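Report on the structure
Residue strings, one per chain:
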Amino acid sequence: MAARPIISPSPPPVRSDAGRSSNVASSPSSSLLSRIISGSTGSIIYALSGTPMEVVKVRQQTAPFEDSFSSTLERQGNPVKKLLRSRGAIVLNNGLMLPMDAFPCLVAPGGSASKMDYSIYSRLFETCRKTASSIVQEQSSGTFRMLQTIARNEGLAGLYAGLKPTLVMSIPNTVIYLSSYDEISMRLHALHSSNNFDVDANRAYIPLIAGSTARIISSFATAPLELIRTRQSSTIAQGRATGILEEFHLLMRTGGFMSCYNGLGPLLLRDAPFAAIYFLCLEQFRGSLSNNTSLGRWSGCYYTDQGMQIPARIDVMHTFAAGASAALVATTLTGPFDVVKTMSQVSNQAARSNTGTFACIQKIFRDEGVKGLWRGNVSRMIKIVPGHAAMITCYEFGKRVFDGVL
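Keep in mind the model is a prediction, meaning the values are calculated, not measured.

The next point concerns the overall build of the chain. For the chain, the helix and strand inventory stands at 16 helices and five strands. Counting only residues that meet the buried cut, the chain has 48% of its 406 residues in that class. Within the chain, contacts between residues at least 6 apart in sequence are counted, and of these 72% link residues at least 24 apart. Accessible area of the chain: about 19500 Å², with a carbon and sulfur share of 63%.

Here it is in structure tokens:
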């Protein structure tokens, strides 16, 4: 079965030698206005429904690794060097002298300085370790526990942190992304047909090329807004401003214009393969659903075999199911690049210097293992799988509707 390009309205199917329906590659594409309206509607739905999970994902990915905290503290050893009982002070390893009164929590009720000499070192060390570990555990907790924690402590403002740049970014990003895919895919199908390539399997390269190219274009165009969105969703971005313009001015003031494209490398390494895998799976899955005779009235071939147009409800169902399945595959395979992208965008300039994408992946793998490369991926799946399914369905169905109205 030939992969079906995302162009609407769908033309009447023709029969191939294998007995399966295939679309005419040279069919006219939808109008630009219908694409803009359809893409904008889908992107708004995606942004509003997915922002809380994006916030959870970013905070999980930027949370310090608990084992690294423990190993660091153990490697540094006891922070207290000695106790000066006569002077009522303690001396830390860094040479800083502090009064004992600064650590009332380390003295048992009714205790005296003479009782502190055997426990001051270990108790101060344990206090630091337990405090750090509790913070790490809270930030790296499960998806829904993290969601509850943010809602309880920060309310809706915390759940929808970064919503403004998300809305500003999502509309042009989605319109450019899906419209570019339509155009590139249609032209590649036409080129394929003009070269007399009749083997259906040869068309598999079309969604790979069209999807990755379209995503590179849209991601590069909206990369500064993606950076701002990620920084506002994170809790560790230092000096974070509250608005889009304030955040932009902060980036320009601290790092110049090029700082607006921090994390562009891992961003493109995540988005381009994601789009290629997503559209390849989308076209293949949707074609399989359409030609699965065991589905009966729910298959496309039931109608095309009788020379009938596939009903809109069947096309919507196939698009949604195929979109969710394709997003699941693409999200799983591109998880490591998403982790690196997030960490590079919220870290400071010094931490980013001389650290490439693959070097960062190696460091995460060395420190945290395979699990660290997919940190926050469950939250990302909860956001992307239904979100992309709804977005591509709105785009496809919207083009049908608005092409008939406009």
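Soluble globular proteins tend to bury their nonpolar side chains together. In this structure, Tyr177, Leu178, Tyr278, Phe279 and Leu282 are the most contacted members of the largest nonpolar core, which totals 25 residues. Breaking this core down by element, the ones donating at least two residues are α5 (163-194), α6 (205-221), α9 (264-290), α11 (312-333) and α16 (377-405). Within the second largest apolar cluster, eight residues are counted, among which are Leu227, Ile228, Tyr261 and Leu267.

Quick look at the pattern of salt bridges now. The tally for this structure, following the rule as stated, stands at 22 salt bridges. Glu154 is the partner of Arg59 in a salt bridge, and the nearest nitrogen-oxygen pair spans 2.6 Å. Taken together, the residues Arg59 in helix α1 (residues 32-62) and Glu154 in helix α4 (residues 143-159) connect sequence positions 95 residues apart. For Glu226, the salt bridge goes to Arg229, with nearest N and O atoms at 2.6 Å. Taken as a pair, Glu226 and Arg229 lie in helix α7 (residues 223-233) at a separation of three residues, close to a single helical turn. When salt bridges with common partners are traced through the structure, they connect Glu54, Lys57, Arg215, Glu226, Arg229, Arg270, Asp271, Asp338, Lys341, Arg380 and Lys383 into a single cluster.

With that settled, the discussion passes to the environment of Thr334. Mapping Thr334 onto the fold places it in the loop between α11 and α12 (335-346). Considered as a pair, Thr334 and Phe274 are 60 residues apart in the sequence and their alpha carbons are 6.3 Å apart. Not counting the four nearest positions on each side in its chain, Thr334 is found in contact with Arg270, Pro273, Phe274 and Arg380.

If you trace the backbone, Ser218 turns up in helix α6. Other than its neighbours up to four places away in sequence, Ser218 contacts Asn173, Ile176 and Tyr177.

Applying the stated criterion across every chain, the model contains four cavities of 30 Å³ or more. What lines the largest cavity is a set of 29 residues, and nearest its centre among them are Tyr46, Met169, Arg215, Arg229 and Lys383. Contributions of two or more residues to the lining of the largest cavity are made by α1, α5, α6, α7, α9 and α16. Considering every element that reaches the lining of the largest cavity, the biggest residue donor is α1, with seven residues. Across the lining of the largest cavity, the residue classes tally to nine nonpolar, 10 polar and 10 charged.

For any pair of aromatic rings, the description rests on two quantities: the centre-to-centre distance and the angle between the ring planes. In the structure shown here, the tally under the stated rule is eight aromatic pairs. Among the aromatic residues, those joined into a cluster by ring pairs are Tyr177, Tyr181, Phe274, Tyr278 and Phe279. Across the ring face of Tyr177, the terminal group of Arg215 is positioned such that the distance to the ring centre comes to 4.4 Å.

Attention now moves to the confidence of the model for the chain. Looking at the chain as a whole, its pLDDT mean stands at 77, while 67% of the residues score no less than 70. When mean pLDDT is compared element by element in the chain, α6 scores highest at 95, while strand β2 (residues 21-22) scores lowest at 36. Long-range and interchain partners of residues 1-28, a stretch whose pLDDT sits below 50, account for 71 contacts in this model, where long-range means more than four residues apart. Below pLDDT 50 for its whole length, residues 106-118 participates in 15 contacts with residues either more than four positions away or in separate chains.

Here we come to a nonpolar patch on the surface. Taken together, the side chains of Phe248, Met252, Phe257 and Met258 present a nonpolar region at the surface, about 400 Å² in accessible area. With respect to the element layout, Phe257 can be found in the loop between α8 (244-255) and α9.

Okay, the packing of α5 against α9 next. Where α5 contacts α9, the axes come no closer than 13 Å and their chain directions differ by 55°. As summarised for this structure, α5 and α9 are arranged oblique, according to the angle between their axes. Our pair here, α5 against α9, has a crossing hand that is right-handed. Counting all contacts with α5, which are made through Tyr177, Leu178 and Tyr181, the residues of α9 involved are Ala275, Tyr278, Phe279 and Glu283. Taken together, the residues of the contact of α5 with α9 break down into six nonpolar, no polar and one charged.

Reading the values: the criteria
Along each chain, numbering runs from 1 in the same order as the chain's sequence is written. Totals for whole chains, interfaces and linings use all residues, but because this is a predicted model, local features are given only for residues with pLDDT of at least 70 and pairs of side-chain atoms are given and counted only at 80 or more. Side-chain descriptors were evaluated using all non-hydrogen atoms of the structure, hydrogens and water having been removed beforehand. Note on conventions: DSSP H or I runs of at least 4 residues are helices, E runs of at least 2 residues are strands, and numbering of each starts at the N terminus. Here the term buried applies to any residue with accessible area under 20% of the maximum for its type, exposed to any over 50%, and partly exposed to those in between, with areas from a 1.4 Å probe on protein chains only. Contact between two residues is taken to exist if any of their heavy atoms lie within 4.5 Å; hydrogens are not considered. Areas reported as accessible are Shrake-Rupley estimates using a 1.4 Å probe. Residue values count occlusion only from the protein chains shown. Remark: nonpolar core denotes a set of buried residues (Ala, Val, Leu, Ile, Met, Phe, Trp, Tyr, Cys) joined through side-chain atoms within 4.5 Å. Put simply, a salt bridge is a Lys or Arg side-chain nitrogen that is within 4 Å of an Asp or Glu carboxyl oxygen. For cavity detection a 1 Å grid was placed over the protein atoms alone, and a set of points counts as a cavity when a 1.4 Å probe fits there but cannot get out; an open set counts as a pocket when protein lies on both sides within 12 Å along at least five of seven lines, with lining residues being those that have an atom within 4 Å of a point. Grid points are joined across faces, edges and corners, and a volume is the space filled by probe spheres set on the points. By the convention adopted, Pro, Cys, Tyr, Trp, Phe, Met, Ile, Leu, Val and Ala count as nonpolar, Lys, Arg, Asp and Glu as charged, and the other residues, Gly among them, as polar. To pair, rings of Phe, Tyr and Trp, with the six-membered ring standing in for Trp, must have centres within 6.5 Å; the planes then decide the type, stacked if under 30 degrees apart, edge-to-face if over 60, and tilted in the middle. Working rule: Lys NZ or Arg CZ, within 6 Å of ring centre, within 35 degrees of ring normal, means a charge sits over the ring. Values of pLDDT, the confidence the predictor places in each residue, fall between 0 and 100. For patch detection, residues must exceed 30% relative accessible area and be free of salt bridges, and they are connected within 9 Å for like charges or within 5 Å for nonpolar side chains (Val, Leu, Ile, Met, Phe, Trp, Tyr). Comment: axis = line fitted to C-alpha atoms, over the contacting stretch for helices; angle = value between 0 and 180 degrees taken between N-to-C directions. When an angle is under 35 degrees it counts as roughly parallel; over 145 it counts as roughly antiparallel; between 65 and 115 it counts as roughly perpendicular; any other value is oblique. Should the near helix be turned counterclockwise from the far one by less than a right angle, the crossing is left-handed, whereas a clockwise turn marks it as right-handed.

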